[in-house]
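Structural overview for review
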Amino acid sequence: MKILLLFFITNCLLAPTLECDVAYTGYSTTSYRYQWHQPEIQGSVFKFSVKARNDAHIALSPHNGDSDPMYEILIGGWGNTWSAIRRRKQGPSMVEVRTSNIVSSSSYRNFWISWNSIGTISVGREGYSAFMQWRDTDLLPIRYAGFTTGWGSTGNWRFCDYNECDDDNGGCLHNCVNTLGSYRCTCRAGYQVAWSKYCIDIDECDSYPCRNDGTCRDLENRYRCDCKPGWTGVNCQTDRNECNSNNGQGPCDPINGICRNTAGSYRCFCQTGYQLSFDGYTCERPSRERAIAVATICENQPDGTFRPHPRDCTMYVQCYDTGNDVVFDCPPGTQWSQEQLTCVNSDQSTCI
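Because the structure is a prediction, the values reported are computed rather than measured.

The next subject is the overall build of the chain. Counting secondary structure elements, the chain contains 2 helices and 29 strands. Looking at the chain residue by residue over its 352 residues, the buried ones come to 41%. For the chain, restricting intrachain contacts to residue pairs at least 6 apart in sequence, the fraction spanning at least 24 positions comes to 46%. Accessible area for the chain stands at about 19300 Å²; split by element, carbon and sulfur atoms hold 48% of it.

Following this line, the structure appears as structure tokens:
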């Protein structure tokens with residue numbers, strides 16, 4: 001006796017879309033004989049499309065061929081009026097559902113079959129919830145699927161590629177991309193794939209993008225250059241003209257100073273008759289002592305030459321254009337070393 005479960009398909013609640021890439025196609029004759037041409041089923045959802053007048057059959061089996069027991073899903077049987085789930089080939093119906101005109105000989109109809117750990121087998125149309133269900137308390141292991149038609153109907157079949165990304169994102173840490181018969185993992189911008197499924201940060205500083213001794217800070221999908229004083233720009237590539245401020249004087253003496261920009265820095269000079277103070281910014285009238293130093297050691301010296309002060313090893317001179325030579329004081333406890341061209345501890349200085 002049939003178990004009558006009436007389902008009005010047109011009023012079913014919408015289920016997730018089950019569109020897919022077609023992995024295999026098939027054709028079945030009017031002879032009721034299962035074909036087993038597909039690889040082992042992955043996951044717990046089997047999706048397919050069929051174009052048939054009636055009696056579209058799907059077998060789900062532990063083996064790659066007819067077996068007893070196995071599940072037989074009949075869609076559009078009895079002249080395309082009923083559907084059923086059986087536990088063996090042409091066995092008694094475990095459940096039957098009235099499904100008038102559910103298949104068509106003129107267009108493909110899309111279906112899905114799913115099963116879960118508690119033994120519930122569900123059958124539905126694409127985009128709709130199940131129109132037929134039955135629970136087997138002793139669920140068979142489902143590994144292979146076969147297909148056939150019969151009773152005067154041929155069938156054209158399309159079988160969906162299993163989307164590994166539907167199952168826990170394929171195990172991918174970031175993005176899962178389904179491909180025909182397989183899948184691959186990809187990463188968000190700023191990361192790269194490692195060990196096939198994981199993503200690690202790309203160190204944008206590996207290419208040393210920061211110029212002029214800038215410090216690179218690796219950030220997510222980008223980097224930041226911390227520039228040395230005197231440089232600016234994304235990659236510290238642009239010289240900062242410190243002389244632009246204060247009407248072209250920059251940080252130099254605002255009255256008698258002259259500011260000259262250099263690569264990554266600047267230098268202060270003074271108007272004729274003034275001399276740069278030891279602070280490197282202020283212009284002042286030169287003392288007699290400093291005037292002697294300038295006159296004595298900077299004569300005929302190339303521009304920018306460092307020389308020791310002739311009377312005091314705690315000072316040194318840098319020669320520039322006439323009237324712009326500079327006398328500097330060494331820090332306390334140090335003396336000028338002409339050999340090293342810098343101020344050093346007194347016991348290391350030769351001064352001359």
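The discussion continues.
On to the sheet that holds strand β27 (residues 326-329). Read from one edge to the other, the open sheet built from 3 strands follows the order β25-β26-β27, with strand pairing classed as antiparallel. Each edge of the open sheet carries a strand with a single partner, namely β25 (306-308) and β27. Going from strand to strand, the sheet's axes swing by 30° on average, the running direction of each strand aside. Note: β25 against strand β26 (residues 315-318), 3 bridges, orientation antiparallel. Within β26, the position partnered with F306 by the bridge is Q318.

Looking now at the pairing of β26. Side-chain positions along a regular strand alternate between the two faces of the sheet. What you see with β26 is no split at all: M315 and V317 on one side and Y316 and Q318 on the other are buried throughout. For β26 and β27, the ladder comprises 4 bridges, and the chain directions are antiparallel. Bridge pairing links M315 to D329 in β27.

Judged by pairing direction, the sheet is antiparallel, and its 6 strands sit side by side in the order β2-β12-β3-β8-β9-β10 without closing on themselves. Each having just a single partner strand, β2 (22-28) and β10 (130-135) make up the two edges of the open sheet. Sheet twist, expressed as the average angle between the axes of neighbouring strands with direction ignored, equals 20°. Bridge count between strand β9 (residues 120-125) and β10: 5 bridges; the pairing is antiparallel. From the neighbouring strand, T120 faces β10, where its bridge partner is R135.

In the structure shown here, the tally under the stated rule is 10 disulfides. The residue that forms a disulfide with C165 is C176, at a sulfur-sulfur distance of 2.0 Å. Judged by the sign of its S-S torsion, about -75°, the bond between C165 and C176 is left-handed. Taken together, the positions of C165 in the loop between β12 (155-160) and β13 (175-179) and C176 in strand β13 put the pair 11 residues apart, joining distant regions of the chain. Both residues of the pair, C165 and C176, belong to the buried class. Across the disulfide from C205 sits C216; the S-S distance is 2.0 Å. Across the S-S bond linking C205 and C216, the dihedral sits near -85°, which makes this disulfide left-handed. Taken as a pair, C205 in the loop between β16 (198-201) and β17 (215-219) and C216 in strand β17 lie far apart in primary sequence, 11 residues in all. Classification of C216 as partly exposed rests on a relative accessible area of 23%.

Here we come to the environment of S107. Note on placement: S107 falls in the loop between β7 (93-98) and β8 (109-115). Exposure remark for S107: the relative accessible area of 29% places this residue in the partly exposed category. Apart from the residues within four sequence positions on either side, S107 is in contact with V50 and K51.

Note that the residue after D68, namely P69, is joined by a cis bond; omega there is 10°. Topologically, P69 is positioned in the loop between β4 (56-61) and β5 (71-76). The phi dihedral of W78 is positive, around 50°, even though this residue is not glycine. With respect to the helices and strands, the residue W78 is situated in helix α1 (residues 77-80). The class of W78 is partly exposed, set by a relative accessible area of 38%. Even without being a glycine, Y208 presents a positive backbone phi close to 50°. Residue class for Y208 comes out exposed when judged on its relative accessible area of 71%.

Turning to a nonpolar patch on the surface, a few remarks are in order. On the surface, a cluster of nonpolar side chains totalling about 490 Å² of accessible area is made up of L173, W195, Y198 and I200. When you line up the elements, L173 lands in the loop between β12 and β13.

Definitions and cut-offs
- Residues numbered from 1 in each chain as written.
- Predicted model: local features only at pLDDT ≥ 70, side-chain atom pairs only at ≥ 80, totals over all residues.
- Heavy atoms only, no water.
- Helix = DSSP H or I, 4+ residues; strand = E, 2+ residues; numbered from the N terminus.
- Buried < 20%, exposed > 50% of the residue type's maximum accessible area, 1.4 Å probe, protein only.
- Contact = heavy atoms within 4.5 Å.
- Areas by Shrake-Rupley, 256 points an atom, 1.4 Å probe, with all protein chains shown as cover.
- Pairing = 2+ DSSP bridges.
- Axes fitted to C-alpha atoms, helices over the stretch in contact; angles between N-to-C directions.
- Disulfide = S-S within 2.5 Å.
- Patch = residues over 30% accessible without salt bridge, like charges linked within 9 Å, V, L, I, M, F, W, Y side chains within 5 Å.
- Salt bridge = Lys/Arg side-chain N within 4 Å of Asp/Glu carboxyl O.

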